[in-house]
Structure formats: structure tokens, C-alpha cells
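# Summary of structural features
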Amino acid sequence: MRRIWMAVTAVFFALPSTAAELGDDGLHKADWMRDTFKDLREDLGEANAEGKRLALIMEQRGCIYCTKMHKEVYPREEVSSYIRDNFFVVQLNLHGDTEVTDFDGEVLTEKAAARKWGLLFTPSILFMPEEVEDSQSAQAAAVAVMPGAFGVGTTLDMFTWVNEKRYELDSDEDFQRYHARRIQERQDGTTD
């Protein structure tokens, strides 16, 4: 009986928690996403004040890969709690008309920002440094970009790699090498 209870408990904790609801704009709304005026310099200031990293997530209505992330990856407690605790996430709509003020001061719609930043795929996440020069756009300032949908391990490793500022280390361990090492350390037989 004890083994059955342990197996049921293990399955329960392995399942993702509730997926994000769809907003009026057709985008998934996770509880760790911030509703801001989309002035990126202000958002960066708020993120820094909270001791968090700013991340910009570009999504679109009907995106099957966004849905995959919001149903299978982001609801996992280890992912959602890590993002909630360490990141200030601003969601943008690939086809949206809401105004965004880029770090360089240019005011443009979300869809124009996506074109300016060269974002073609959704979801795409731009990870920002704590300081951005006045002349830089979000795309130019980003310390990392995560284009597309990935599994739990890859997603958590990318958020961790950015949060720990591993991109600043003077070593040969870029993200792919870091991720490969983390896969080996997890030793769970998965490649993600």
C-alpha cells in the first residue's frame, strides 16, 4: 500500500499545475507576467528594484508553441516558481498595437518592435541585462534570446544561466555546454 501511495504522490508532483488562462488578446496569462505600460526603461528599473531580471516574452494568438509552453512547461512548479522568484516578465504581442517604448526611446507598436528586434518566432524571450545604454534597442542589449518552445530542462537551464549571469563568466561554457553539463548532472536519462 505504501508503494502505491508513493507512486501516486510522485505522479501528482510530476504533473504540471494549472495552465495559464487566455486573455482578451488571445495570449496566455501566467501569474508571473507583469502588466506594465511597456516602457522598457521603466520596466527595467522596476525589475532592478525588486532584485529581478527583466525578460520580454513575445507571443501571438493561436501559437501552438506558446500553448505548449503554457500547458506543459511554465505550469511546472520548478519552472514557475523560479521565474516568479527571479524574473520580471513583460509579455508582448507579435501582432499587437499597444505602444512600447524601447530602451533607445523609440515609441512603436508591439508588432513594429518585433520587426525592429528581428523576432520571427513565437514564443521568443529576450533576457535583459541590469543596465542598458540609452542608444541600445532591446534586441541589441539582450544578453540571451530563447527562440521557440523547449522542454522543462532546457527552459529552466536558460532562465538559470541568465539569472546566474553565466554569460559573463570567462570560460568556454556557453549556454549549450552549460545545458549539456546540467543534463548529465540530472542523470535522469532525458536529453531535456
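Let me sum up the structure you'll find in this document. Predicted model, so just to flag it, every value in this text is computed and none were measured.

### So, the overall build of the chain
Of regular secondary structure, the chain possesses eight helices and nine strands. Expressed as a percentage of the 192 residues in the chain, the buried residues total 44%. Across the chain, contacts joining residues at least 24 apart in sequence account for 64% of those joining residues at least 6 apart.

### Here we look at the nonpolar core
Grouped together as the largest cluster of nonpolar side chains are 25 residues, with contacts concentrated most on Tyr 74, Ile 83, Phe 87, Val 89, Ile 125, Phe 127 and Met 158. Of all the elements in the fold, those that place two or more residues in this core are strand 4 (53–59), helix 3 (64–73), helix 4 (77–86), strand 5 (87–93), strand 8 (124–127), strand 9 (144–147), helix 7 (152–163) and helix 8 (175–186). Ranked by the residues each element gives to this core, the list is headed by helix 7, at five residues. With residues near it in sequence (within four places) discarded, Tyr 74 still touches Trp 32, Ile 57, Met 69, Val 79, Ser 80, Ile 83, Ile 125 and Thr 155. If you look at the next biggest cluster of nonpolar residues, it comprises 24 residues, including Val 100, Ala 112, Leu 119 and Ala 138.

### A few points about the environment of Glu 42
Within the secondary structure layout, Glu 42 lies in helix 2 (residues 40–49). It is 9.2 Å that separates the C-alpha atoms of Glu 42 and Phe 103, two residues lying 61 residues apart in sequence.

### Concerning the packing of aromatic side chains
Each aromatic ring pair is specified by the distance between its two centres and by the angle formed by the two planes. Summed over the entire model, instances satisfying the criterion amount to seven aromatic pairs. Look at Phe 127 and Phe 159: their rings are 5.0 Å apart centre to centre, the planes differ by 85°, and that puts the pair in the edge-to-face class. In this pair, Phe 127 is assigned in strand 8 and Phe 159 in helix 7, connecting sequence segments 32 residues apart. Assigned by exposure class, Phe 127 and Phe 159 land together as buried.

### Details of the pattern of salt bridges
One side chain can pair with another of opposite charge once the charged atoms of both are near each other. Under the definition given, this model contains 21 salt bridges. Residue Glu 173 pairs with Arg 181 through a salt bridge whose shortest N-O separation is 2.6 Å. You can call Arg 181 partly exposed: its relative accessible area is 29%. Of the charged contacts in the structure, one is a salt bridge between Arg 177 and Asp 174, with a shortest N-O distance of 3.1 Å. A single network of salt bridges, built from pairs that share partners, joins Asp 157, Glu 164, Arg 166, Glu 173, Arg 181, Arg 182, Glu 185 and Arg 186.

### Some remarks on the environment of Tyr 82
With respect to the helices, strands and loops of the structure, Tyr 82 is situated in helix 4. Taking the relative accessible area as the measure of exposure, Tyr 82 reaches 19% and is therefore buried. Along the backbone, Tyr 82 and Asn 163 are 81 residues apart, and their C-alpha atoms lie at a distance of 9.8 Å. With residues up to four places along the chain from it excluded, the contact list for Tyr 82 reads Glu 77, Phe 87, Leu 156, Phe 159, Thr 160 and Asn 163.

### Points about the side chain of Thr 122
Structurally, the position occupied by Thr 122 is in the loop between helix 5 (110–116) and strand 8. A polar side-chain atom of Thr 122 sits 3.0 Å from a polar atom in the side chain of Gln 60. Contact partners of Thr 122, with chain neighbours within four places excluded, come to Met 58, Glu 59, Gln 60, Cys 63, Tyr 65, Cys 66 and Leu 94.

### Regarding the sheet that holds strand 8
On the basis of which strands lie adjacent, the open sheet formed by five strands has the order 3-5-4-8-9 and mixed pairing. Every interior strand has two partners, whereas the edge strands, strand 3 (33–34) and strand 9, have only one. Direction of pairing for strand 3 relative to strand 5: parallel, over a ladder of two bridges. What sits directly across from Met 33, in strand 5, is Val 89. Contacts between helix 7 and the sheet are confined to strand 4, strand 5, strand 8 and strand 9, with strand 9 contributing the most and set at about 170° to the helix.

What counts as what
Residues numbered from 1 in each chain as written. Predicted model: local features only at pLDDT ≥ 70, side-chain atom pairs only at ≥ 80, totals over all residues. Heavy atoms only, no water. Helix = DSSP H or I, 4+ residues; strand = E, 2+ residues; numbered from the N terminus. Buried < 20%, exposed > 50% of the residue type's maximum accessible area, 1.4 Å probe, protein only. Contact = heavy atoms within 4.5 Å. Core = buried A, V, L, I, M, F, W, Y, C linked by side-chain atoms within 4.5 Å. Phe/Tyr/Trp six-rings, centres within 6.5 Å; stacked < 30°, edge-to-face > 60°. Salt bridge = Lys/Arg side-chain N within 4 Å of Asp/Glu carboxyl O. Polar contact = N/O pair within 3.5 Å; in protein donor to acceptor, adjacent residues only side chain to side chain. Pairing = 2+ DSSP bridges. Axes fitted to C-alpha atoms, helices over the stretch in contact; angles between N-to-C directions.

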